[in-house]
Amino acid sequence: MDQLLFGISGLPIPDGGRRFNYASAIGYLKSFGLDAMELLFVRTVNVTEQNKNLILKAKLENKIYLSAHGSHYINLNADEPIKQDESLARIIKAAEGLAQVEGKSLIFHPGYYLSDSPADTLETIKKNLARLPAREIDYRLETTGKRSQFGTVPELVALCQAIPSCKLCIDFAHIHARGNGSLRNYADFGDILQYVADKLGKAVLNDLHIHMGGICYNQSGERHHLPLRESDFNYMACLKALKDFGIKGCVIAEGPRLQYDALILKNTYLGL
Ligand SMILES: [Zn+2]
């Protein structure tokens, strides 16, 4: 990609009484000054025969980048093999839905450790990811916010090294929460980007998918999202690191203020 895009997770907050569906949200986000939207397939793949053409038309007219967040019911390390198969089927169905509207990145959390060691969990998840069909879209493994959930940066980087169809989704708020407030200053963000570049090659910095936002956490990690400016998430340092590393790709703002926080991020970044 040739620049860093900014967008939101899901539909925008209603504006002046105006409510949105995916198709109407795309034009609104463009006029609001944003570039991207992450469709939420967390409960169901809600791109359907009824809305897919309208979404695609709006996307092409407004040149909005589309990604999607996959089901919350994915565990590629489930104890029962049938549940692993069902998780793969959910990922494939979401990829098909996203492909229908020419989306690019499918984001999901690969699984949970349950009673397994991190190393065994990684091996099981790796075997399952290798079963995904190669597609136009990228499977994006998201760094997770809870310590019970598989998905540290090194774990996901190891999977991306092993499986060519997989890429990263770096959720900085999740990393911060999982580390009980571990991302404090510029170097903390820079170290992550440097690690990723060292392990996966510098070219990966030209196409990163990133989540960020305010977040509330405790010793076990993530609790819930917060407005950007009501949290301790150091978005200034994060954006500065993204700029200095020449990161390109897409930043998705998460939290209760959606488009308003996304615009703060974009304008802050452009002003650096
Ligand atoms: Zn997620």
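These remarks concern the structure in this document. (Residues numbered from 1 in each chain as written. Predicted model: local features only at pLDDT ≥ 70, side-chain atom pairs only at ≥ 80, totals over all residues.)

What to know about the sheet that holds strand β5 (residues 138-142)
If you walk around this closed barrel you meet the eight strands as β1-β2-β3-β4-β5-β6-β7-β10, and the pairing is parallel. Sheet twist, expressed as the mean angle between neighbouring strand axes with direction ignored, is 30°. Bridge count for β5 against strand β6 (residues 166-171) is four bridges, and the pairing is parallel. Bridged to Y139 within β6 is C166. Together, β1 (4-9) and β10 (249-253) form the strand contacts of helix α9 (residues 258-270), whose direction differs from that of β1 by roughly 165°. (Pairing = 2+ DSSP bridges. Helix = DSSP H or I, 4+ residues; strand = E, 2+ residues; numbered from the N terminus. Axes fitted to C-alpha atoms, helices over the stretch in contact; angles between N-to-C directions. Contact = placed C-beta atoms within 7 Å.)

Observations regarding the pairing of strand β2 (residues 36-40)
Most of β2 is tucked away, with four of its five residues classed as buried. Across three bridges, the pairing between β1 and β2 is parallel. Across the sheet, S9 pairs through a bridge with E38, a residue of β2. Crossover β1 to β2 through helix α1 (residues 22-32) is right-handed. The sheet contact formed by β2 and strand β3 (residues 65-69) spans five bridges and is parallel. In the sheet register, M37 faces β3, and the bridge partner there is L66. Crossover handedness for the path β2 to helix α2 (residues 52-62) to β3: right-handed. (Buried ≥ 20, exposed ≤ 12 C-beta atoms within 10 Å, placed from the backbone. Right-handed = clockwise from strand over helix to strand, strands pointing away.)

Function cannot be inferred from these measures alone, as they are strictly geometric.
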